[in-house]
Amino acid sequence: MLGINKILSHFGIQVLPQFIGKDEVMDHPIVDMKSPVNFRMTRRGFLKVAGTGLTAATLGNTLLDFAAWEKEIQAAPTEMIPTQCNGCGNRCGILAYVKNGRIWKIEGNPEANGNLGLICPKGHGYVHELYNPQRLKGPLKRVGNRFEPISWEQAYKEIAQKINLILLENGPQSIFWVNYPQSNNLYALRLMHALGSPHYFTHGSTCYTARNAGWKVTVGQLPCNDLGNAKYILIIGRNPAGGIDLAQVKEIVEAKEKGAKLVVVDPRHSETAVIADEWLPIKPGTDLALLLSMIHVMIKEELYDKEFIKNKTVGFQELEDETVNYPPEWAEKVCEIPAKTIVRITREMAQARPKALLHRGYHGAFGSQYLNSFQTARALAIANSLLGNINREGGIIFPKSAKLGELQPKHPAPELPKVQKADGTGIPGRYPVGSYGDGITHAIPELALSGELKAGFVYHNNPLRTNPNPKRVIAGYKKLELLVAIDTVLSETASIAHYVLPESFYLERTEAVDTKHSGKRAQVSIQQQVVKPLYNTRPGTQIIIDLAKHLGVEKYFNFDIEEGNRLRLQPFGVTLEELKKKGMLFVGEEWKEGLSKLETPSGKVEIYSKALEDLGFSPLPRWEEPLVSPDPKDPRSFRLLHGKQAIHTHSMTANQPYLMEISRYYDMVRLWMNSERGKTLGLKDGDEIEIESSIGKGSIRVRLTEGIHPSAVWLPSGYGIYSRNLNNAFGVGLSYNDFVPTLFDPAVGHAMTSEVIVRIKKA
Ligand SMILES: Nc1nc2c(c(=O)[nH]1)N[C@H]1C(S)=C(S)[C@@H](COP(=O)(O)OP(=O)(O)OC[C@H]3O[C@@H](n4cnc5c(=O)[nH]c(N)nc54)[C@H](O)[C@@H]3O)O[C@H]1N2
Ligand SMILES: Nc1nc2c(c(=O)[nH]1)N[C@H]1C(S)=C(S)[C@@H](COP(=O)(O)OP(=O)(O)OC[C@H]3O[C@@H](n4cnc5c(=O)[nH]c(N)nc54)[C@H](O)[C@@H]3O)O[C@H]1N2
Ligand code: SF4
Ligand SMILES: [Mo]
């Protein structure tokens, strides 16, 4: 295994100097409140209202007659338009109701695979952002230390001029685009390819790339869970009731009602642990040890599916040889789950197989957290394989996917770029197991500081707040000759951009047709316009097409959103009109049980991976310590964990007044610490503490609880906003990213965001 030097030095870095402070970003007088992009009402605006005759007195009378007003509103006709929520990446199907041209309410679309008719609190809260006066109202250009309004045409012209100059001087590989993984990502990718750049990124390296890589190497693709039909569900560090997945929660509840058992392995008593039959508070970073010893028990007691192992896997013998080293008594010492419990739950799972599954995971435990995350995901896939549940009812399933129609041949695709991706994803000797499609987004600052990247577009992403080590990220993004942010508000990232292009709010725009494949039958879906845009904003797809036209690559973008959507739907035999009426439609065949050839080199489950061995990595999951661990002799030393609360999404909802009010009301902006550890530090519940890591420090109030492993503290991840333009969120709470150094896992390149030790004391 490659050592720490590779991890820290790949981009020529050490634990990093802080070039400039966050204060510098905060101190930019970002929006000139007196300019026409004013967020307050201008004198002219006031006079306009006054001119309608609505004087204070008549307004007063209107307000007094509330009952009449309410009656009138209730009686007004409503129109229902199905669309997709944009409160987080789940993009649930919703039905939006409009009255008098305003949003009246939203409901879950009962047809939608991903949410089965439900909506979460973030979804309800985020709707109100449509009317948030802090929204961007038109394109902005940075002039010195302030923003000035600029027309779309002029913004496009100036951006294109600058990009073309940079292309001429530095070549196409100096330009990048960061996209939230969403429906128009193929258009953004097409734009980068049209310009000759391979540099398209998503947020994956701070979210899921280790998990995806583990599954991909082992079974060829990322599968889903058939939770609704499972009899035994073991969830390791996934919290669908807090890191919301509505369909999963519904399916878990249904399975439980049918008698299924739910076991949650989480150092923290999560929202999902609340509904579990058993909660196993594991020592963070040691899930690999638990899995290796569960595998040990399955093999030793011959509990596994012998036929599946014989016919559908390679490397079982090597696995047996390796896992003799991991008896439950060994695992107990490492992961702190009693050996007896490990043996019992393994036997129970084997009894229930093949309708027993270990959840495929997401972010929290092994998405992008630890040095051993990739091998943890491999061990998880292998443990499922031993249960013989792969693509079986009630097990781990390969969902049916819907491959969208192509724009070509009508609109030829640009050639693939000839240059390699500078982040090294997919390249032997660099990050060969990393996802080329996602890239290593948190390497962008390094690549900007080294001069390899010169200009970039950041679309629906906020790396200045959502990537680790903000001071380094700020330094990197500030070094760019051109930064264009496409957002709906002045996020941290938008606040330092040279140009800010305002995207229409999701309810104001029709987007590229999307596919959903979380269920047993694929769906196509559409986000469509529900209300007219309130301001001078445009849909993302339109912005991509407009940019292409100005950048001289219009021949690849000779279509509009609607034509693109019709072409996308072509393979499915459904019309755009039908889709618009329903919001989502099932397409393609129903899922069927059984395994044919897998997308791995051997076509089978690769317990032993020759490909990994050839790349210099362990071909089998082996126990590997986390990169760093708290000092057991220091009462102030903890591992810093983080995670979702059901009412917030990443960095994008903290500014929402209703959602933030819930945070305040329930006192949720606190750091979780084990009560016993708190006592040792002389702390009482609610006390202010100081927290410090090698790269940052801050203070926050503490929540003392039995519900967290003593070795760790846990920070809710939706806070710590430092853009002054988001004044409802500004300065509330902390972000884990303020404490996490810039790290790159040697195989995948993920950010290892839980490999951070903090010291805590009473403030
Ligand atoms: N409310 C809300 N829901 C969301 C999102 C959101 O922002 N807000 N975002 C969506 C996205 S992009 C994602 S990636 C998912 C994330 O979904 P999850 O991965 O479920 O969410 P997290 O809160 O990151 O982590 C889940 C749990 O992992 C636990 N954990 C931390 N370290 C360890 C460990 O070492 N071992 C084990 N076993 N457990 C550990 C945490 O205590 C936490 O309860 O949520 C999606 N849904
Ligand atoms: N602090 C913090 N960091 C995190 C996480 C976290 O929870 N907290 N989670 C990690 C995980 S799991 C993930 S997946 C990543 C997510 O990382 P990001 O994608 O950067 O996270 P978001 O906060 O969702 O950022 C979205 C940005 O898009 C903007 N936005 C919202 N709606 C629209 C829209 O309709 N159009 C446009 N153009 N912009 C819009 C928001 O204003 C915000 O600035 O972050 C990772 N890092
Ligand atoms: S989980 Fe909630 S916020 Fe996310 S898309 Fe669904 S309803 Fe919207
Ligand atoms: Mo994520």
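Refer to the structure above for everything that follows.
If you're wondering where the values come from, they're calculated on a predicted model, not measured in any experiment. Going along each chain's sequence as written, the residues are numbered from 1 onward. Just so you know, chain letters begin at A and ligand numbers begin at 1, following the order they were written in. Note on the predicted model: pLDDT of at least 70 is required for a residue's local features to be given, and 80 or more for side-chain atom pairs to be given and counted; whole-chain, interface and lining totals, by contrast, use all residues. To get the side-chain values, take all heavy atoms of the structure and skip hydrogens and water.

## A few points about the site of ligand 3
Now for step 1: Put simply, a residue is near a molecule or strand once any heavy atom of it comes within 4 Å of that molecule or strand. The full set of residues close to ligand 3 is Cys85, Gly87, Cys88, Asn90, Arg91, Cys92, Ile119, Cys120, Lys122, Gly123 and Ile244.
Now for step 2: Here the residues of the shell around ligand 3 sort into 6 nonpolar, 3 polar and 2 charged. Classification convention: Asp, Glu, Lys, Arg as charged; Ala, Val, Leu, Ile, Met, Phe, Trp, Tyr, Cys, Pro as nonpolar; all other residues, Gly among them, as polar.

## Considerations on the sheet that holds strand 3 (residues 102–108)
Strand-to-strand pairing in sheets goes through backbone hydrogen bonds, with the strands running parallel or antiparallel.
Now for step 1: We call two strands paired when DSSP finds no fewer than two bridges between them. Here a strand is any run of E in DSSP of at least two residues, a helix any run of H or I of at least four, and the numbering for each starts at the N terminus. Spatial strand order, 1-2-3: 3 strands in an open sheet with antiparallel pairing. The open sheet has two free edges, formed respectively by strand 1 (78–84) and strand 3, since each of these has just one partner strand. Pairwise comparison of adjacent strand axes, ignoring direction, gives a mean angle of 30 degrees for this sheet.
Now for step 2: Pairing analysis gives 7 bridges linking strand 1 to strand 2 (residues 93–99), with the strands arranged antiparallel. Residue pairing for strand 2: Glu79 is matched across the bridge by Val98. Helix axes are fitted only over the stretch in contact, all axes being lines through C-alpha atoms; the angle between N-to-C directions runs from 0 to 180 degrees.

## Here we look at the side chain of Thr272
Now for step 1: In this structure, Thr272 sits in helix 11 (residues 271–274).
Now for step 2: Assessed through its relative accessible area of 1%, Thr272 is described here as buried.
Now for step 3: At a separation of 3.2 Å, a polar atom in the side chain of Thr272 contacts the main-chain amide nitrogen of Ala241.
Now for step 4: Ignoring any residue separated from it by four or fewer positions in sequence, one finds Thr272 in contact with Ile235, Arg238, Asn239, Pro240, Ala241, Leu262 and Val264. Each residue is assigned to one of three classes by its accessible area relative to the maximum for its type, calculated with a 1.4 Å probe on protein chains only: buried under 20%, partly exposed between the two thresholds, exposed over 50%. Between N or O atoms, a polar contact is any pair within 3.5 Å; within protein, one atom must be a potential hydrogen donor and the other a potential acceptor, and residues adjacent in sequence are included only when both atoms are from side chains. Only heavy atoms enter the contact rule, under which two residues are in contact if any of them lie within 4.5 Å.

## Notes on the pairing of strand 22 (residues 637–643)
Now for step 1: Of all 7 residues that make up strand 22, 7 are buried, and the element is covered over most of its length.
Now for step 2: Burial along strand 22 is two-sided: the residues Ser637, Arg639, Leu641 and Gly643 and Phe638, Leu640 and His642 are all buried.
Now for step 3: Both strand 22 and strand 27 (residues 757–762) contribute to a ladder of 3 bridges, which runs antiparallel. When the sheet's bridge partners are listed, Phe638 is paired in strand 27 with Val758.

## Considerations on the packing of aromatic side chains
Now for step 1: Put simply, two rings from Phe, Tyr or Trp (the six-membered ring, in Trp's case) pair if the centres are within 6.5 Å, and we call them stacked under 30 degrees between planes, edge-to-face over 60, tilted for the rest. The final tally for this structure, using the stated rule, is 17 aromatic pairs.
Now for step 2: Their ring planes at 45 degrees and their centres at 6.4 Å tell us that Tyr431 and Phe744 sit as a pair that is tilted. One end of the pair, Tyr431, is in the loop between strand 14 (396–397) and helix 18 (444–449); the other, Phe744, is in the loop between strand 26 (712–716) and strand 27, and 313 residues separate them in sequence. For the pair Tyr431 and Phe744, a shared accessibility class is recorded, and that class is buried.
Now for step 3: Geometrically, the ring pair formed by Phe557 and Phe559 is stacked, given 5.9 Å between the ring centres and 25 degrees between the ring planes. You'll find Phe557 and Phe559 in the same group, each marked buried.
Now for step 4: Here the aromatic cluster, defined as three or more aromatic residues joined through ring pairs, consists of Tyr126, Phe505 and Tyr506.
Now for step 5: We note Arg102 situated over the ring of Tyr131; from NZ or CZ to the ring centre the distance is 3.9 Å.
Now for step 6: The ring of Trp672 carries the charged tip of Arg703 above its face, separated from the ring centre by 4.1 Å. Note on geometry: a ring has a charge over it if NZ (lysine) or CZ (arginine) is within 6 Å of the ring centre and within 35 degrees of the ring normal.

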